[in-house]
Amino acid sequence: MRAMSRVIWLFLICALAVTMASSQDVCPTRPLPGSLVVNPVDLYSQNGALNVNMTLENQEGTDHFMHYCYSYIYQGQQIEAPTLRLNPGDQLILNLTNSIMAPYDKYPKKMEMSMHVPEPATKQPDADCNGGMILPSTTNMHFHGMNIPPVCHQDDVIYTLIQSGDPPFQYNFQVPPNDNPGMYWYHPHPHGQATTQVDGGAAGALFIEGTINGTQGLPERVFVVRQQFNNPNSWIPGPNQLTINFQPALFPDAPSPYINMQYGQQEFWRVANATSQSFLTLQVIYGTTAQQVEIVALDGIPVSPPLVENQIVIPPAGRAEFIVPGLPSNQEGIFLTNGYSTGAVGNPNPPQQLMKMFGTDSAKVEPRPARAATKPPADRPRFSGLLTAQPTTTRNLYFSEQTVGSNGPTQYFITVAGAKPRVFHMDDPPAITTTIGAIEDWTITNRAGEAHDFHIHQVHFLLMAINGVPVQNPELYDSYPIPGWSGTGPYPSITVRMDFSDPNIAGTFVYHCHILDHEDGGMMAKIQVNPSNKH
């Protein structure tokens with residue numbers, strides 16, 4: 001009897017320990033609906049470097065979504081997804097600890113997503129740089145839009161696989177000295193698992209500092225729009241919600257997040273679409289009138305002269321930086337997305353009120369303090385002269401899909417014209433091989449009945465034509481949408497100009513659809529950029 005009592009007592013102690021452990025917060029507590037939206041915490045480089053220690057963790061939140069959080073200790077407190085601010089030429093040293101633990105999501109995946117990545121041709125002493133198994137607990141980090149080398153410890157997402165429980169993994173790279181000021185972002189990119197981790201909130205803003213004309217002295221707001229799903233692993237993702245700086249946007253089912261604006265004061269807004277699949281059609285409304293905003297940068301590249309629009313379309317992964325007019329006295333405002341047509345078979349992309357704006361007579365957001373002047377660019381700005389450059393090669397690629405059976409799943413492809421469509425696997429050879437110094441025009445068509453979002457790592461591209469019609473004022477992007485095909489007539493297309501001149505981007509990297517469940521589902525391919533033979 002005494003032995004039985006001891007067993008029961010030990011069982012109760014263990015049960016209590018499990019209960020207490022499960023009740024402890026792993027991720028920082030996220031804001032409640034209807035509360036004030038504040039900027040993420042800023043981390044600034046000092047003396048030419050920014051040193052950051054982050055941990056990627058996961059936990060089911062009180063909102064019943066699975067949270068994935070980039071945790072950082074700031075002034076003794078745990079915060080989530082800080083904003084990284086660096087000058088051109090600065091060094092980022094980011095030590096990432098992977099502490100992802102089961103359960104990885106509330107629902108099991110329909111298919112086993114684990115896959116083996118073969119070792120690279122040249123094996124490195126760091127085990128996390130040599131491929132291996134991609135498991136639900138595997139991660140890595142992509143510095144989206146950054147024009148930096150595709151190598152381990154910088155911006156490689158093919159062979160860099162950080163397993164849960166591994167020692168901290170160091171990312172260490174220099175911001176190119178000739179980069180323009182603008183907004184970028186960081187997020188996980190393990191193939192097959194990127195959707196779950198990004199949907200869980202693992203994303204943050206990164207800025208290359210500098211002056212963007214027209215923004216001097218303006219109050220600055222940073223908004224990272226994310227998306228969370230009840231069941232992101234479903235063949236057709238179900239109920240989901242948008243958040244803005246982790247504030248749930250649930251109107252009319254709950255009050256909207258809000259900000260306070262000084263009447264009549266222009267503001268500088270910097271918005272990242274860190275959703276996995278939502279196309280944002282952003283609009284600022286004062287009273288009942290849609291406002292004209294002045295777009296000063298897109299995807300981290302300043303726009304000159306600025307674009308004046310009353311609506312901004314930002315695809316998944318895109319960024320827009322714009323000046324918002326002052327709120328008139330005794331008016332309120334609304335920041336919303338008007339929805340987007342994703343095509344006949346696309347997932348719903350409905351309108352949603354993101355945030356409300358209330359007026360005040362006193363300043364609520366101070367202008368960001370000026371930093372010490374940075375050294376002038378060491379060379380002309382990156383991608384200068386691309387519009388008039390003579391292409392050395394032209395290529396044709398296309399998006400397509402194939403549904404397997406009547407109940408799915410869907411297979412996703414991005415294919416070079418003339419090749420056979422195939423679902424991407426990590427041991428695939430490069431679909432495209434080119435050389436440093438090449439200038440290439442790519443025409444990408446969409447043969448699928450839903451919109452796709454073209455993105456390439458390591459470089460920006462110049463948008464030259466849409467559906468074969470030249471663009472009047474080409475701009476640089478790193479992600480751009482292509483509407484779904486209606487089923488008749490020509491396929492929708494974009495033509496973009498790629499600049500592979502920078503010797504630092506030599507190596508193998510990827511291009512893909514940035515609707516992340518499409519990328520995870522196979523809509524990705526490799527490009528190999530070989531060093532130039534010129535000396």
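Just above, that's the structure.
What counts as what
- Residues numbered from 1 in each chain as written.
- Predicted model: local features only at pLDDT ≥ 70, side-chain atom pairs only at ≥ 80, totals over all residues.
- Heavy atoms only, no water.
- Helix = DSSP H or I, 4+ residues; strand = E, 2+ residues; numbered from the N terminus.
- Contact = heavy atoms within 4.5 Å.
- Areas by Shrake-Rupley, 256 points an atom, 1.4 Å probe, with all protein chains shown as cover.
- Buried < 20%, exposed > 50% of the residue type's maximum accessible area, 1.4 Å probe, protein only.
- Lys, Arg positive; Asp, Glu negative; His and termini not counted.
- Salt bridge = Lys/Arg side-chain N within 4 Å of Asp/Glu carboxyl O.
- Phe/Tyr/Trp six-rings, centres within 6.5 Å; stacked < 30°, edge-to-face > 60°.
- Pairing = 2+ DSSP bridges.
- Axes fitted to C-alpha atoms, helices over the stretch in contact; angles between N-to-C directions.
- Disulfide = S-S within 2.5 Å.
- Core = buried A, V, L, I, M, F, W, Y, C linked by side-chain atoms within 4.5 Å.

### A few points about the overall build of the chain
Within the chain, the secondary structure is distributed over 3 helices and 37 strands. Expressed as a percentage of contacts within the chain between residues at least 6 apart in sequence, the contacts between residues at least 24 apart total 75%. Carbon together with sulfur atoms contributes 54% to the accessible area of the chain, which is approximately 22,800 Å² in total.

### Focus on the side chain of Asp 156
Here Asp 156 shows up in the loop between strand E9 (142-144) and strand E10 (169-174). Put simply, Asp 156 is tucked away with no salt bridge, and the nearest opposite charge, on Lys 526, sits 8.7 Å away. For Asp 156, the contacting residues outside a window of four places in its chain are Pro 150 and Val 151.

### As for unusual backbone geometry
In this model, Ala 102 is joined to Pro 103 through a cis peptide bond whose omega is 0 degrees. Here the residue pair Phe 251 and Pro 252 is connected by a cis peptide bond, since its omega of 10 degrees sits within 30 degrees of zero. Within the secondary structure, Pro 252 is located in the loop between strand E15 (247-249) and strand E16 (258-262). Of note, Gln 75 is a non-glycine position whose phi angle comes to about 50 degrees, a positive value. With respect to the element layout, Gln 75 can be found in the loop between strand E3 (66-74) and strand E4 (77-80).

### A word on the pattern of salt bridges
A complete count under the given rule lists 16 salt bridges for this structure. Glu 267 is the salt-bridge partner of Arg 221, the closest N and O atoms lying 2.6 Å from each other. Separated by 46 residues along the polypeptide, Arg 221 in strand E13 (residues 220-229) and Glu 267 in strand E17 (residues 267-273) bring together distant segments of the chain. Judged by its relative accessible area of 2%, Glu 267 falls in the buried class. Salt bridges sharing common partners tie together Asp 42, Arg 85, Glu 209, Glu 220, Arg 270 and Glu 321.

### As for the packing of aromatic side chains
Under the definition given, this model contains 17 aromatic pairs. Plain terms: the ring middles of Tyr 477 and Tyr 480 are 4.9 Å apart, the flat faces sit at 70 degrees to each other, and that makes the pair edge-to-face. Neither residue differs from the other here; Tyr 477 and Tyr 480 are each classed as buried. One aromatic cluster is present, built from ring pairs that chain together Trp 442, Phe 454, Phe 461, Phe 500 and Tyr 511.

### Examining the sheet that holds strand E23 (residues 319-324)
The 7 strands lie next to each other as E15-E14-E13-E17-E23-E20-E21, forming an open sheet whose pairing is mixed. Sheet topology places E15 and strand E21 (301-309) at the edges, where each strand pairs with a single neighbour. Neighbour to neighbour, the strand axes of the sheet diverge by 30 degrees on average, direction disregarded. Sheet topology places E13 next to E17; 6 bridges connect them, and they run parallel. Counterpart to Val 225 in the pairing with E17 is Asn 273.

### Re the environment of Val 271
Tracing the backbone shows Val 271 in strand E17. Taking the C-alpha atoms as reference points, Val 271 and Ile 314, 43 residues apart in sequence, are found 9.1 Å from one another. Contacts of Val 271, omitting those with residues within four sequence positions, involve Met 183, Phe 223, Val 225, Leu 282, Ile 314, Gly 318, Arg 319, Ala 320, Phe 322 and Phe 335.

### Points about the state of the cysteines
Under the definition given, this model contains 2 disulfides. Covalently, Cys 27 is tied to Cys 69 through a disulfide, its sulfur atoms 2.1 Å apart. Every disulfide takes its handedness from the sign of the S-S torsion; for Cys 27 and Cys 69 that torsion is -85 degrees, giving left-handed. Here Cys 27, found in the loop between helix H1 (2-23) and strand E1 (42-44), pairs with Cys 69, found in strand E3; they are 42 residues apart in sequence, far enough to count as distant.

### Some words on the nonpolar core
Core analysis: the largest hydrophobic core is formed by 103 residues, its most contacted members being Leu 84, Phe 143, Trp 269, Phe 335 and Trp 442. Ignoring anything within four residues of it in the chain, the contact list for Trp 269 reads Arg 221, Phe 223, Ile 259, Met 261, Val 284, Ala 320, Glu 321, Phe 322, Val 324, Phe 335, Met 355 and Met 357.

### Thoughts on the sheet that holds strand E37 (residues 524-530)
Taken together, 5 strands build an open sheet; the order of strands is E28-E37-E36-E30-E34 and the sheet is mixed. Single-partner strands in this sheet number two, and they are strand E28 (432-435) and strand E34 (479-482). On average, each strand axis in the sheet is tilted by 25 degrees relative to the strand beside it, whichever way the strands run. Pairing analysis gives 4 bridges linking E28 to E37, with the strands arranged parallel. Bridged to Thr 433 within E37 is Gln 528.

Coordinates in, geometry out; function isn't part of it.
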